[in-house]
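Analysis of the macromolecular model
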Amino acid sequence: MPKNNFIKNITSKDINLSQNTILNMIKTSSLEDFKELCKNSDFIFPFLKERIIKDFVKLIDKENLTTVFNFSKIYCLDFEDLIINSWLKYACEDLTDDILELFENGSDEQKAYCALYFKHIQDPLALEYLNKYAYSDFEALKINCAQTLGKFRDKKVYEEMKNIILNSQDDFEKNSAYSFLSAYGGSETIDFILDNCFANSFKIQIVANLLDFYDFNTIKNLDKNKVVQIFSTLIEGYPEYIDLNTIGFYRILDFAELINSYNIQYAKNALILAREKFREFFENDIYTFDLDKTAKEDLKEIYNFLKSLSLSTDLKEELKQYNTNQYELALSVIQELKLKDYTQILADNLEKLNEEFIAKTVVILKELKACDLIPLNILNKIQNENIKALTLSCIE
């Protein structure tokens, strides 16, 4: 079937045409058609993808399972359930044995599907391969192994990943371990991730990945400071590291409404920074011209909510929380709103800060034309030559 017609037909409003196209793909075991479907996945509406998966599973029969094995050669996250649910429809001891063999000897793409099958069919014989492939460089295979090991509550790799996070000096290695833990799941896991991830240079990606596996209803029951930190990290990530089209998926409006109810300055600071950032998004077409319709509506609703808030900028208590995220957000509010009334406090605090915060404070004092407040003796505390040069340039 010509490629242009295949996608048109399988997504047709005519249900009979769509189902006949799926049935033909099944009977011919056309890997080319399945590849084309996967390639065009980003351009197919979610409800149509769900319909295609549902109809495929309904139309597959036991005699056509070889088609499913054939299609498993191509991995596609959006059509993962097409493969898994087809196998589960006819799950039995013989089929599970076949999938175990594929798990051992198949391609990484096939192994990724197999790993997820054993999340539903918990055959202990799969544990050997789940533990082995949890270290795979193929992300989908690693993540699916993590999800299934979490279901088994098998903690061998889990503990090794925690050890990497606590002891490795390599943020890339740590980031991979965080991805595994997020997929593994559990309340203990989310606490461990949030207690350790914010010093990592990939903190934005780590938090976004965490929210791929933990829904808002789970997050909202965490400690208030952790919820604020998750929210502020997401906001920091837009749009450079996180696509603005995800503001609905990550429930930014729900986060904003939740932390506004906390009535703590830390939350107010996060909301102030979000308001200023969303103002920029809302008022500049460069950020919105390629957003989908739903995202544009979400953006407007979020911005209207944020600008309706009356948010205090009393930062005195926050500026006593030295070297913390609370302090960092307070600094960001001062910088964003150009609050010159705090320059003396910032200068007085320099001797209580670590070098990272000294550098941030010096930059803000320079922007606010208050370099004359920087004490000369602060240079004696700074070991990093770049930060020392930055500070010296302000003093001079």
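The structure presented is a predicted model; accordingly, all values stated were derived computationally and were not measured.

A word on the overall build of the protein chain. A tally of helices and strands in the protein chain yields 24 helices and zero strands. Reported as C-alpha extents along the three principal axes, the dimensions of the protein chain are approximately 80 × 45 × 35 Å. Residues counted as buried form 52% of the 396 residues belonging to the protein chain. For the protein chain, the accessible area works out to roughly 19700 Å², and carbon and sulfur atoms hold 48% of it. Of the charged side chains in the protein chain, 46 are positive and 64 negative; the average position of the first set lies 4 Å away from that of the second.

The next subject is the environment of Glu36. With respect to the secondary-structure elements, Glu36 resides in helix 3 (residues 31–39). Note: C-alpha distance between Glu36 and Ile7 (29 residues apart in sequence) is 7.7 Å.

This next bit is on the pattern of salt bridges. On inspection of all chains with the given rule, the structure shows 15 salt bridges. The residue Lys49 makes a salt bridge to Asp78 at a minimum N-O spacing of 2.9 Å. With Lys49 in helix 4 (residues 46–59) and Asp78 in the loop between helix 5 (65–71) and helix 6 (80–89), this residue pair connects regions lying 29 residues apart in the sequence. A salt bridge links Asp55 to Lys58, with the shortest nitrogen-to-oxygen separation between them at 4.0 Å. Of this pair, Asp55 and Lys58 are both found in helix 4, three residues apart, which corresponds to roughly one turn of the helix. On the basis of relative accessibility, which here comes to 6%, the residue Asp55 falls in the buried class. Connected through salt bridges with shared partners, the residues Lys155, Lys162 and Glu188 form a single ionic network.

Aromatic ring pairs are described here by two measures, namely the spacing of the ring centres and the angle between the planes. Inspection of the entire model under this criterion finds 23 aromatic pairs. Relative to Trp87, the ring of Phe69 lies with its centre 5.3 Å away and its plane at 50 degrees, an arrangement referred to as tilted. Note that Phe69 is positioned in helix 5 and Trp87 in helix 6, a separation of 18 residues in sequence. Members of the aromatic cluster, connected to one another through ring pairs, are Phe69, Trp87, Phe103, Tyr117, Phe118, Tyr129 and Tyr133. The ring of Phe192 is capped by Lys162, whose NZ or CZ atom sits 5.0 Å from the centre of that ring. Across from the ring centre of Phe357, 5.2 Å away, lies the NZ or CZ of Lys360, which sits over that ring.

Turning next to the packing of helix 23 (residues 355–367) against helix 24 (residues 385–395). Orientation of helix 23 relative to helix 24, taken along the N-to-C sense of each, is 25 degrees, at an axis distance of 10 Å. Relative to helix 24, the element helix 23 is oriented roughly parallel. Between helix 23 and helix 24 lies a crossing of left-handed hand. Here helix 23 contributes Glu355, Ile358, Ala359, Val362, Val363 and Lys366 to the contact with helix 24, which in turn contributes Ile387, Leu390, Thr391, Ser393 and Cys394.

What follows deals with helix 10 (residues 139–152). The terminal C-alpha atoms of helix 10, which comprises 14 residues, lie 20 Å apart, in line with the 20 Å expected from a rise of 1.5 Å per residue. Within helix 10, 11 of the 14 residues are buried, leaving the element largely enclosed by the surrounding structure. Regarding helix 10, the residues found buried are Ala140, Leu141, Lys142, Ile143, Asn144, Cys145, Ala146, Gln147, Thr148, Leu149 and Gly150. Buried residues along helix 10 sit against helix 6, helix 7 (93–105), helix 8 (108–120), helix 9 (127–133), helix 11 (156–167) and helix 12 (171–184). In the stretch just after helix 10, Arg153 is the one whose phi turns positive, near 60 degrees.

Here the residue pair Tyr238 and Pro239 is connected by a cis peptide bond, since its omega of -10 degrees sits within 30 degrees of zero. With respect to the element layout, Pro239 can be found in the loop between helix 16 (224–237) and helix 17 (252–260). In this structure, Lys369 takes a positive phi of about 55 degrees despite not being glycine.

Here we take up the environment of Leu350. With respect to the secondary-structure elements, Leu350 resides in the loop between helix 22 (343–349) and helix 23. Expressed as a C-alpha distance, the spacing of Leu350 and Pro375, which sit 25 residues apart in the sequence, is 8.4 Å. Those residues in contact with Leu350, other than ones at most four positions away along the chain, are Ile358, Thr361, Leu365, Ile374, Pro375, Ile378 and Lys381.

Turning our eyes to something else, we now look at the confidence of the model for the protein chain. On average, residues of the protein chain score 93 in pLDDT, and 99% of them are at 70 or above. Taking the mean pLDDT of every element in the protein chain, the minimum, 83, falls on helix 24 and the maximum, 98, on helix 8.

Generally speaking, soluble globular proteins have nonpolar side chains that are buried together. Residues Phe34, Trp87, Phe103, Phe180, Phe231, Ile252 and Phe278 are the most contacted members of the largest nonpolar core, which totals 143 residues. If one sorts the elements of this core by residue count, helix 18 (residues 265–283) sits on top with nine residues. Look past the residues within four positions of Phe34 in its chain and what remains in contact with it is Met25, Phe71, Ile74, Phe79, Leu82, Ile83 and Tyr113.

Parameters at a glance
Residues numbered from 1 in each chain as written. Predicted model: local features only at pLDDT ≥ 70, side-chain atom pairs only at ≥ 80, totals over all residues. Heavy atoms only, no water. Helix = DSSP H or I, 4+ residues; strand = E, 2+ residues; numbered from the N terminus. Buried < 20%, exposed > 50% of the residue type's maximum accessible area, 1.4 Å probe, protein only. Areas by Shrake-Rupley, 256 points an atom, 1.4 Å probe, with all protein chains shown as cover. Lys, Arg positive; Asp, Glu negative; His and termini not counted. Charge placed at Lys NZ, Arg CZ, Asp CG, Glu CD. Salt bridge = Lys/Arg side-chain N within 4 Å of Asp/Glu carboxyl O. Phe/Tyr/Trp six-rings, centres within 6.5 Å; stacked < 30°, edge-to-face > 60°. Lys NZ or Arg CZ within 6 Å of the ring centre and 35° of its normal. Axes fitted to C-alpha atoms, helices over the stretch in contact; angles between N-to-C directions. Parallel < 35°, antiparallel > 145°, perpendicular 65-115°, else oblique. Left-handed = near helix turned anticlockwise from the far one by under 90°. Contact = heavy atoms within 4.5 Å. Expected span 1.5 Å × (residues − 1). pLDDT = per-residue confidence, 0-100. Core = buried A, V, L, I, M, F, W, Y, C linked by side-chain atoms within 4.5 Å.

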